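Listed below, chain by chain, are the residues.
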Amino acid sequence: MTDRLETKFIHSAGVDAQTGAVNVPIYLSSTFHQESIDEFGPYDYSRSGNPTRRALEETIAKLENGTRGFAFASGMAAISSAFMLLESGDHVLVSEDVYGGTYRFITEVLGKFGIDHSFVNMTDLDEVARAFRPNTKVIYIETPSNPVMNITDIEIAAKLAKANGCLTFVDNTFMTPLYQNPLDLGADLLLHSATKFLSGHSDIVAGLAVTKDAALGDRLGFIQNSFGSVLGAQDSYLLIQGIKTLGARLKQSSESAQKIAKFLHHHPVVEEVYYPGFSFHPGNPIQQRQASGYGAVLSLRLPDKNAARIFKDALRIPVFAVSLGAVETILSYPATMSHAAMPEDERKKRGITDGLFRFSVGLEHIDDLLEDLEQALEKVRVKSKLSIAN
Ligand SMILES: *Cc1c(COP(=O)(O)O)cnc(C)c1O
C-alpha cells in the first residue's frame, strides 16, 4: 500500500532511529569521528553529507518520486548547480518568462562558461520544436510561469526534449509535489525554491533538486559537493517541519486564491487577472491534465502606476514584499521586485507592466482578505476617477 502525499508529508522524514524522537535531530557538526583509517562511516564532513540534511533530501526524493534529492542554500543555488551539469559549447532552451533570478543567471553568468541559451515561448511547442540546435542539451521549464501564469505541457515538452537528445528541467516551485509531479510526466530533474510553499513561513531561504535517474543523481551529487552551496542543518530541520504542514496549508491557500481570483475578475477597476484555475485561461486544460490543483498565486493588472500606488497603500493585511508561498498573504510588485533584473522592454513583452501585482494567498480568513481587497479597490476607483476629472 502506498500512502497518499498528505501522509507522506508527515512521515517521510521518519523518527530518530536512536531515540525515537519524532522530530529529526539537528546535527550541528561539520565533521564526524571515524573509527578506522581504512574505512569511514556514512558521514565524514557536512558539505558532503549531514544527517539532518540527508533526512530532508530523502524526503523530497520520495515526495517527487525521484531517485535522489539534494538540498541547497537557496533556490538559485539549486538552479545554478543544475546548470553546472552542462559543458562549454552546450545550448539551453528556456521558458521566456522564467523567474527573474533564473533569467539573470542564464543571461549574465552561464555565457561566461561558454553555455549559450535561447528564450522560447514554452506554451507554443511548435516554436520550441524549431528552436532546438545540434548542441541543445537542456530545456528549462517553469510552469505555471511567473508572474503571468503561463502553462507549459510538461509531458509533450519532455517528449520533444528526449527526441532531441535533451534533458528536461522543471522548476516546480509554484505547484509543489502536492499538485504536480514533473518526474512522472517525463522530466529528468526538478527544482524548488523551498523558500516558498515548502517551508511556508517566510523564515528560511532554501533550494531543492530531485533527479529521476540514478546516474544523473550521481552527477548532481558530485556538483553539490564540489560547488558546496549546501543547506545548513538548522534550515534543513525547519524545512522538514514546513513540509509536514504543506498539504493543509496549500489546500486552504489555493481555495482562497480561487475565491479571490473570481472576485478580482468581476471587479471593474481590475483590468486583468492571471489565474490558471479560470476555465477560460488558455492553459487551463493542460493544467487540469498535468496538475491536481491551481495553486495559491495569482496576478492582477491595474490600469497604471498611479492606481498601483493607491492599491498598495490602501491594503491593510498583506505584507508588501518579494517572495511568495507563506502563511501570510504577500503582495509583490514584479516590475521592481522579482523581475527587476529584467530590462524594461523585456518586462513589457512578458506583460510585466507598471500596473501588475502578484498576489500570493496566505492562511488569513478569506472574508478578511476579500474585504481588504474590496476597500482598497474602492479607493483606486474613487481616486483614479478624481485624477481623471482633474
Ligand atoms: C523564488 C524563486 C526562485 C529562486 O529561489 P531562491 O530561494 O529565492 O533562491 C526560483 N524559481 C521560482 C519560481 C521562484 O519563485
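Keep in mind that what you see is a predicted model, and the values were worked out from it rather than measured.

Engineer: So what about the side chain of arginine 350? Which residues, and what values?
Structural biologist: The residue arginine 350 is located in the loop between α13 (344–349) and β12 (356–360) in this model. Within polar-contact distance, the side chain of arginine 350 engages the backbone oxygen of glutamate 96 at 2.4 Å. The residues touching arginine 350, leaving out its near neighbours within four places in the chain, are Glu96, Asp97, Tyr103, Phe119, Val148 and Met342.

Engineer: Describe the site of the ligand, and please don't skip the residues or the numbers.
Structural biologist: The environment of the ligand is formed by 13 residues, the closest being Met76, Asp171, Ser193, Thr195 and Lys196. One nitrogen or oxygen atom from the main chain of glycine 75 is found 2.8 Å from an oxygen atom belonging to the ligand. Separating an oxygen atom of the ligand from a side-chain N or O atom of serine 193 is a distance of 2.8 Å. Coverage of the ligand by the protein amounts to 92% of the 380 Å² it exposes when considered alone. A per-element tally of the shell around the ligand places helix α3 (residues 75–83) first, with three residues. Partitioned by chemical class, the residues of the shell around the ligand number five nonpolar, five polar and three charged.

Engineer: Account for the packing of helix α2 (residues 51–63) against helix α9 (residues 233–244), with residues named and values stated.
Structural biologist: Two numbers describe how α2 lies on α9: the axes approach to 8 Å, and their chain directions differ by 35 degrees. As α2 packs across α9, the resulting crossing turns out to be left-handed. The residues of α9 that touch α2, namely those facing Thr52, Arg53, Ala55, Leu56, Thr59 and Leu63, are Ala233, Ser236, Tyr237, Leu239, Ile240 and Ile243. Here the contact of α2 with α9 is composed, by residue class, of eight nonpolar, three polar and one charged.

The rules behind each value
- Residues numbered from 1 in each chain as written.
- Predicted model: local features only at pLDDT ≥ 70, side-chain atom pairs only at ≥ 80, totals over all residues.
- Heavy atoms only, no water.
- Helix = DSSP H or I, 4+ residues; strand = E, 2+ residues; numbered from the N terminus.
- Polar contact = N/O pair within 3.5 Å; in protein donor to acceptor, adjacent residues only side chain to side chain.
- Contact = heavy atoms within 4.5 Å.
- Near = heavy atom within 4 Å.
- Areas by Shrake-Rupley, 256 points an atom, 1.4 Å probe, with all protein chains shown as cover.
- Nonpolar A, V, L, I, M, F, W, Y, C, P; charged D, E, K, R; others polar.
- Axes fitted to C-alpha atoms, helices over the stretch in contact; angles between N-to-C directions.
- Left-handed = near helix turned anticlockwise from the far one by under 90°.

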